[in-house]
Amino acid sequence: MFGSQLDIHSGGIDLAFPHHENEIAQSEAFHQCGQWANYFLHSGHLHLKGSAEKMSKSLKNYITIKDFLQCHTAEEFRMFCLLTKYRSAIDYSDSSMSEACTHLETICIFISAAQAYMKGQLRCSPVQEDLLWQRLADAKSSVWTALTDDFDTPRAIGALMNLIYHGNCQLQPVYTAEGSVRSPAVFGAIVTYIRDILNVFGIDLLHSKEAEVLSSGGNLQAVVEELVRFRSEVRAFALSRRDCPNNKPGLYPDRAPLLKACDTLRKDLVPLGVVIKDRGATSTWEIKQSQRGLRDHDDNQQNEKDK
C-alpha cells in the first residue's frame with residue numbers, strides 16, 4: 001500500500017519491540033531496501049492518576065470518549081495532551097484537565113480583550129508597541145525551536161502563554177476623559193499568530209466551550225468600562241468641593257450618600273472578579289477571575305450547603 005518507504009510511523013512505546021522491529025525486518029526484506037521508515041514516533045501511555053497500568057479495555061480502567069465529552073471538549077483534551085511531551089507517559093486526573101482548561105480560558109480571555117481593544121471598546125494606557133513586536137518575534141522563534149526539537153509541545157505552549165502574559169501586561173484598562181493613542185496592529189498580529197499555532201495543533205477556539213468567552217468577552221469588557229465610567233462621573237460629582245465660611249473648601253453633605261454608593265459598588269464587584277482602583281478623580285479596573293472560576297465558586301458553595 002505505501003511502497004518501499006515511509007516518512008513517519010507512529011505507535012505506542014510498548015510496540016517498539018518486538019512489533020515494530022518485526023515490521024522493519026519483514027518490510028525491508030520484502031522491498032529489498034536499506035531503510036523502510038525514516039522516523040518512528042513512539043508515544044507514551046495514558047494513565048489514570050495513581051495507576052501504574054495504562055488505560056486498557058481489558059483492564060477496565062478507562063474512560064470512554066462518550067463519557068469524557070459529557071464534561072469536557074475535544075479542544076480541552078488536545079490541550080491536555082499538548083502539555084506533556086508525546087514520548088512521556090501522561091496521567092489523567094481532574095487536576096490535569098483543570099490545568100488544560102485554565103490554559104484555554106487564559107488564551108480566550110486574552111483574545112477577547114485584544115479584540116475589544118482593537119475595536120475601541122477597551123481603552124488602555126498607551127502600550128509599548130516596540131516591546132510587543134519583539135515579544136511576538138521571540139515567541140515565534142521559541143515555538144519553532146521547540147517544535148523542531150522532537151515536537152516539544154509543552155515548551156511551545158509555554159512560549160505562547162508567555163506572549164499572552166506580556167500582552168495582558170499592556171492591556172491595562174483605564175478610564176480617561178480623552179482617548180489615548182491606540183496600537184491595534186500589534187495585537188492583531190499576536191491574535192492571528194496564536195490562532196494559527198492552535199490551528200496547527202487542531203484546537204479550534206470557535207467551536208469550543210471557551211468560544212463563549214470570545215463571543216461575550218468583548219461585550220463584557222465594554223459593559224464594565226461603561227459602568228466604571230458612570231461611577232467615576234458620579235464620584236467626581238460627590239467629591240466636588242464648596243466654599244465654606246472659614247475659607248476652607250469642604251464636601252457637600254447631601255452628596256455623601258452618592259460617595260457611599262460608589263464605595264459599595266466597588267466592594268460588591270470584587271467577589272465578581274472586577275477590581276476598581278480609585279486614584280483621585282480617575283478610576284482604573286481589571287477583571288481578576290474567569291467566568292469558569294465564578295461557576296466553580298458557586299458550585300463549591302452549593303456543595304457546602306448540600307453537606
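Residues numbered from 1 in each chain as written. Predicted model: local features only at pLDDT ≥ 70, side-chain atom pairs only at ≥ 80, totals over all residues. Heavy atoms only, no water.

**Student:** With reference to specific residues and values, describe the nonpolar core.
**Tutor:** Core analysis: the largest hydrophobic core is formed by 52 residues, its most contacted members being Met79, Ile107, Phe110, Phe187 and Ile194. Per-element tally for this core: the top contributor is helix α4 (residues 94–118), with eleven residues. (Core = buried A, V, L, I, M, F, W, Y, C linked by side-chain atoms within 4.5 Å. Buried < 20%, exposed > 50% of the residue type's maximum accessible area, 1.4 Å probe, protein only. Helix = DSSP H or I, 4+ residues; strand = E, 2+ residues; numbered from the N terminus.)

**Student:** Could you give an account of the packing of helix α3 (residues 74–82) against α4, with specific residues and numbers?
**Tutor:** As a packed pair, α3 and α4 sit with axes 8 Å apart at the nearest point and diverge in direction by 110°. Comparing the axis directions of α3 and α4 gives the class roughly perpendicular. Between α3 and α4, the contacting residues are Glu75, Glu76, Phe77, Met79 and Phe80 on the first element and Ser96, Met97, Ala100, Cys101, His103, Leu104 and Ile107 on the second. Within the contact of α3 with α4, the residues separate by chemical class into eight nonpolar, two polar and two charged. (Axes fitted to C-alpha atoms, helices over the stretch in contact; angles between N-to-C directions. Parallel < 35°, antiparallel > 145°, perpendicular 65-115°, else oblique. Contact = heavy atoms within 4.5 Å. Nonpolar A, V, L, I, M, F, W, Y, C, P; charged D, E, K, R; others polar.)

**Student:** Got a sec to walk through helix α7 (residues 184–200)? Specific residues and values, please.
**Tutor:** Taking 1.5 Å of rise per residue, the 17 residues of α7 would be expected to cover 24 Å, and the 25 Å separating its terminal C-alpha atoms lies within 8% of that figure. Taken residue by residue, α7 has Val186, Phe187, Ile190, Val191, Tyr193, Ile194, Ile197 and Leu198 as its buried positions. Seen along its axis, α7 keeps its buried residues to an arc of 160°; they face one direction. Away from its buried face by more than 90 degrees, α7 exposes Asn199 and Val200. Taken together, the buried residues of α7 touch α3, α4, α5 (129–147) and α6 (153–170). Phi turns positive one or two residues past the end of α7, at Gly202, with a value near 85°. (Expected span 1.5 Å × (residues − 1). Arc of directions from axis to C-beta.)

**Student:** So what about the side chain of Ser96? Which residues, and what values?
**Tutor:** Of note, Ser96 is situated in helix α4. Look at Ser96 and you get buried, because its relative accessible area is 14%. Of the polar contacts made by the side chain of Ser96, one reaches the backbone oxygen of Asp91; its length is 3.3 Å. The residues contacting Ser96, other than those within four sequence positions of it, are Phe80 and Asp91. (Polar contact = N/O pair within 3.5 Å; in protein donor to acceptor, adjacent residues only side chain to side chain.)

**Student:** Any chance you could break down the packing of aromatic side chains for me, citing the residues and the numbers?
**Tutor:** Taken as a whole and judged by the stated rule, the model has seven aromatic pairs. Each ring, one from Tyr117 and one from Phe187, has its centre 5.1 Å from the other, and the planes form 65°; the classification is edge-to-face. One end of the pair, Tyr117, is in helix α4; the other, Phe187, is in helix α7, with 70 residues separating them in the sequence. The exposure class assigned to Tyr117 is buried, which follows from its relative accessible area of 1%. (Phe/Tyr/Trp six-rings, centres within 6.5 Å; stacked < 30°, edge-to-face > 60°.)

**Student:** Could you give me a rundown of the packing of α3 against α6, with the residues and numbers involved?
**Tutor:** Taken N-terminus to C-terminus, the directions of α3 and α6 make an angle of 110°; their axes are 8 Å apart at the nearest point. With respect to α6, the element α3 is oriented roughly perpendicular. Contacts from Met79, Cys81 and Leu82 of α3 reach α6 at Thr153, Pro154 and Ile157. Looking at side-chain class alone, the contact of α3 with α6 contains five nonpolar, one polar and no charged residues.

**Student:** Provide a residue-level description of the environment of Leu15, including the pertinent values.
**Tutor:** Relative to the helices and strands, Leu15 resides in the loop between β1 (6–12) and α1 (16–31). Judged by its relative accessible area of 33%, Leu15 falls in the partly exposed class. As a C-alpha pair, Leu15 and Ser43 span 28 residues in sequence and 9.7 Å in three-dimensional space.

**Student:** How would you explain the pairing of β1 if you had to name every residue and give the values?
**Tutor:** Strand direction decides the pairing type here: β1 and strand β2 (residues 37–43), joined by six bridges, are parallel. Bridged to Ile8 within β2 is Tyr39. A crossover links β1 with its parallel partner β2, the connecting element being α1, and its sense is right-handed. (Pairing = 2+ DSSP bridges. Right-handed = clockwise from strand over helix to strand, strands pointing away.)

That is the geometry; function is a separate question.
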